[in-house]
Amino acid sequence: IQDSSGIYRTANLDTTFNAARGFSITASFFGLLSFFTLGFASCCPIPQSRMKGISIYFLIAFFFQAMTFLFKRSNVCKKGFFEPYFPEEGMPEEIESVSCSLSRYSNMAIAATVLYWICAGMCARAIPPEPMPNAFNGEAQQRQQATENESPAANESPATNEEEQA
């Protein structure tokens, strides 16, 4: 905050506010980590145990995202918090109108908390599909050759089998 003489003043934020700030950063980190891991699932197979691990990441993100609402108990939300920083010139209007009510971004944080919880539940119960054979490493060709070698009579037409019986 800059006063009329051009000096920047820093608000004395309490540990509750700083903890909420740290929880927000931690929630974003674990949320992005889990979403990137799920994003790479389209490229490489993910076993069931790893899906449960991703679910743990989502639960951690859920917990820390919910803890960001601690800022409502900090001294920033108390009336008159910014008054000592503007003793001679009075409080600017934009700072005086600041409140700790639910705003659009608070509603987004609530939605993120709920969605992290839903994603944690879905990942814990998800059954990943079997990996598809890769044509470049020869798995598909080996499977096709194995099925052709197992039953050569199955590849013949039914008319040919009837002619041999007659």
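Here the structure is shown first, and the text comes after it.
Residues numbered from 1 in each chain as written. Predicted model: local features only at pLDDT ≥ 70, side-chain atom pairs only at ≥ 80, totals over all residues. Heavy atoms only, no water.

Peer 1: For the state of the cysteines, give the residues involved together with the corresponding values.
Peer 2: Taken as a whole, this structure holds 0 disulfides when the rule is applied. Left unpaired, Cys119 is separated from the closest cysteine sulfur, that of Cys123, by 6.3 Å. (Disulfide = S-S within 2.5 Å.)

Peer 1: If you had to explain helix α2 (residues 48–67) to someone new, which residues and values would you point to?
Peer 2: Over its 20 residues, α2 extends 29 Å from the first C-alpha to the last, a length consistent with the 28 Å expected when each residue adds 1.5 Å. All buried positions along α2 are accounted for by Met51, Ile54, Ser55, Phe58, Ala61, Phe64 and Gln65. In this structure, the buried residues of α2 make contact with α1 (15–39) and α4 (104–125). (Helix = DSSP H or I, 4+ residues; strand = E, 2+ residues; numbered from the N terminus. Expected span 1.5 Å × (residues − 1). Buried < 20%, exposed > 50% of the residue type's maximum accessible area, 1.4 Å probe, protein only. Contact = heavy atoms within 4.5 Å.)

Peer 1: Give me the lowdown on the packing of α1 against α2, citing residues and values where you can.
Peer 2: Their axes nearest at 8 Å, the elements α1 and α2 cross at an angle of 155 degrees. As summarised for this structure, α1 and α2 are arranged roughly antiparallel, according to the angle between their axes. For the pair α1 and α2, the crossing hand works out as left-handed. Facing Ala20, Phe23, Thr26, Ala27, Phe30, Gly31, Leu33, Ser34, Phe35, Thr37 and Leu38 of α1, the residues of α2 in contact are Met51, Ile54, Tyr57, Phe58, Ile60, Ala61, Phe64, Gln65 and Met67. Split by residue class, the contact of α1 with α2 holds 15 nonpolar, 5 polar and no charged. (Axes fitted to C-alpha atoms, helices over the stretch in contact; angles between N-to-C directions. Parallel < 35°, antiparallel > 145°, perpendicular 65-115°, else oblique. Left-handed = near helix turned anticlockwise from the far one by under 90°. Nonpolar A, V, L, I, M, F, W, Y, C, P; charged D, E, K, R; others polar.)

Peer 1: Pulling in residues and values, what's your account of the nonpolar core?
Peer 2: By size, the foremost hydrophobic cluster in this structure holds 9 residues: Phe30, Ile46, Met51, Ile54, Phe58, Ala61, Tyr116, Ala120 and Cys123. Among the secondary structure elements, those contributing two or more residues to this core are α2 and α4. The element contributing the most residues to this core is α2, with 4 residues. Each residue touching Met51, except ones within four places of it in the same chain, is listed here: Leu38, Ile46, Cys123, Ala126 and Pro128. Core analysis: the next-biggest nonpolar cluster, separate from the first, contains 6 residues, Val76, Phe81, Phe86 and Ile95 among them. (Core = buried A, V, L, I, M, F, W, Y, C linked by side-chain atoms within 4.5 Å.)

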